Amino acid sequence: MNRSSKTAVAEVEGPPSSPGPEECGSFFGPTRGLPPGTNERARQRPAIEAAAAVRWSIKLVYLSLLSIILCCHANRSARQLFDGMPPRIRRALARRAAPEEVPDRVSALPDEALHAVLSLLPVHDAVRTCVLARRWRHLWEHAPALRVTDVEGWNPRLRGDGLGRFIRFVDGLFVSRRRCDAPLELCDLDFDFPEDKGKDWHVNRWIMLALLRHHARVLRISLPAYITLPDVPLISQRLTRLELDGVLGNDNILDFSCCPALIALKMKCCRINAEKMSSPSVKILSLASCEFYPATRTQMSFPSVVSLELDGCSGSVPFLESMPSLVAAIVIFDDDYADRCDNSVLGDCGDDSCVDCCNYSDRSKCVCLNGLLEATHLELSAEPAMACISFLCLLVL
């Protein structure tokens, strides 16, 4: 077939038809699988949504970059503005922007004031202050008072390791104070020891350390379980006040002639097994709820006493020697004393064979409270059956 015939045939048949959407698909991919009759916009919706998401992502990235650029420029401008200010204004702004510091006024106190503060604390709390700063490391050692109490976790009532740790802790207190030349103003031993054979030895050793090595001016001993004090006199040239609670005293320990500066003596809930108690210097004497052994009548020689108190004691009524300086006395005799006769209201039944009255047959010796006659102010109370009181009243009348 020649060229002219081919052209004629093409003109008769027309141009070739373009492929339909089912055959070629859309621009973003084939649309094969769409149901017949779907319009062009519905077929292109997934592609349009994907393109919108891409555009929003690009905008967010652009905005983030723009904000970073602006922040850097603002910081550089602010820094340039701050650097351009006068030094005085810059220092003022820096102080205003800095956090306010709380001044440490405690550390500014002198050592003497801190020693006084630490002396008011129990010793286990005072020792803990050594970790606050380098300056506090040895401050507690110079505190003028040692207040030894039951330490939490080291309770001496706990046998075994608890008791051993407590003993080592107290021993360490007295060893650490060797570096301190200042004398001890107060030594307070207030704790509860278990019923242990070595408790008396430990407590007596601490008492001697406080008096002989550290020269305590005030000594307080408060022990719920009775402690037998050493069978030797207390020796101290500086002791002015002694308070005993829950101890067992004998003739030697209750002889205070080796304590010439002792002024006040207070005993509470103590057991007194001594023939004599004496002190030439004591001016304030107080015995409360103490037990005198019935087999022994204790002779009390305190010529310098100004104030006397005997309250709630038991056992044999003590024999008081003359007290020429006595000003005020409070003496209370209750049913716990052994010097009484239940056969008579007046205290003396008149029977020489009576066991309760036989000790008072000699009326010149039965007045065991003769020392009270010098008192300017006297408060005396007793049960009617107290034989010694009835004889005293007869002599006074």
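Note: the structure precedes this text.
Notes on the structure follow. (Residues numbered from 1 in each chain as written. Predicted model: local features only at pLDDT ≥ 70, side-chain atom pairs only at ≥ 80, totals over all residues. Heavy atoms only, no water.)

What follows deals with the side chain of Glu 141. Within the secondary structure layout, Glu 141 lies in the loop between α6 (123–128) and β1 (145–149). For Glu 141, a relative accessible area of 4% translates into the label buried. Ignoring anything within four residues of it in the chain, the contact list for Glu 141 reads Ser 176, Arg 177, Arg 179 and Cys 180. (Helix = DSSP H or I, 4+ residues; strand = E, 2+ residues; numbered from the N terminus. Buried < 20%, exposed > 50% of the residue type's maximum accessible area, 1.4 Å probe, protein only. Contact = heavy atoms within 4.5 Å.)

All told, the structure shown has 8 salt bridges when counted by the stated rule. Two residues, Glu 185 and Arg 238, come together in a salt bridge whose shortest N-O distance is 2.5 Å. With Glu 185 in the loop between α7 (161–176) and β2 (186–190) and Arg 238 in the loop between β3 (218–228) and β4 (241–249), this residue pair connects regions lying 53 residues apart in the sequence. The exposure class of Arg 238 is partly exposed, given its relative accessible area of 25%. Salt-bridge contacts for Arg 220 lead to Glu 243; the nearest nitrogen and oxygen are separated by 3.6 Å. With Arg 220 in strand β3 and Glu 243 in strand β4, this residue pair connects regions lying 23 residues apart in the sequence. A residue is classified by how much of its surface remains accessible, and Arg 220, at 30% relative accessible area, is partly exposed. (Salt bridge = Lys/Arg side-chain N within 4 Å of Asp/Glu carboxyl O.)

The next subject is the pairing of strand β5 (residues 264–268). Residues in a regular strand point their side chains to alternate faces of the sheet. Bridge count between β4 and β5: 5 bridges; the pairing is parallel. Looking across to β5, one finds that Arg 241 is bridged to Ala 264. Across 5 bridges, the pairing between β5 and strand β8 (residues 284–288) is parallel. Each bridged residue has a counterpart across the sheet, and for Lys 268 the counterpart in β8 is Ala 288. (Pairing = 2+ DSSP bridges.)

Read these as layout, nothing more, since geometry by itself doesn't imply function.
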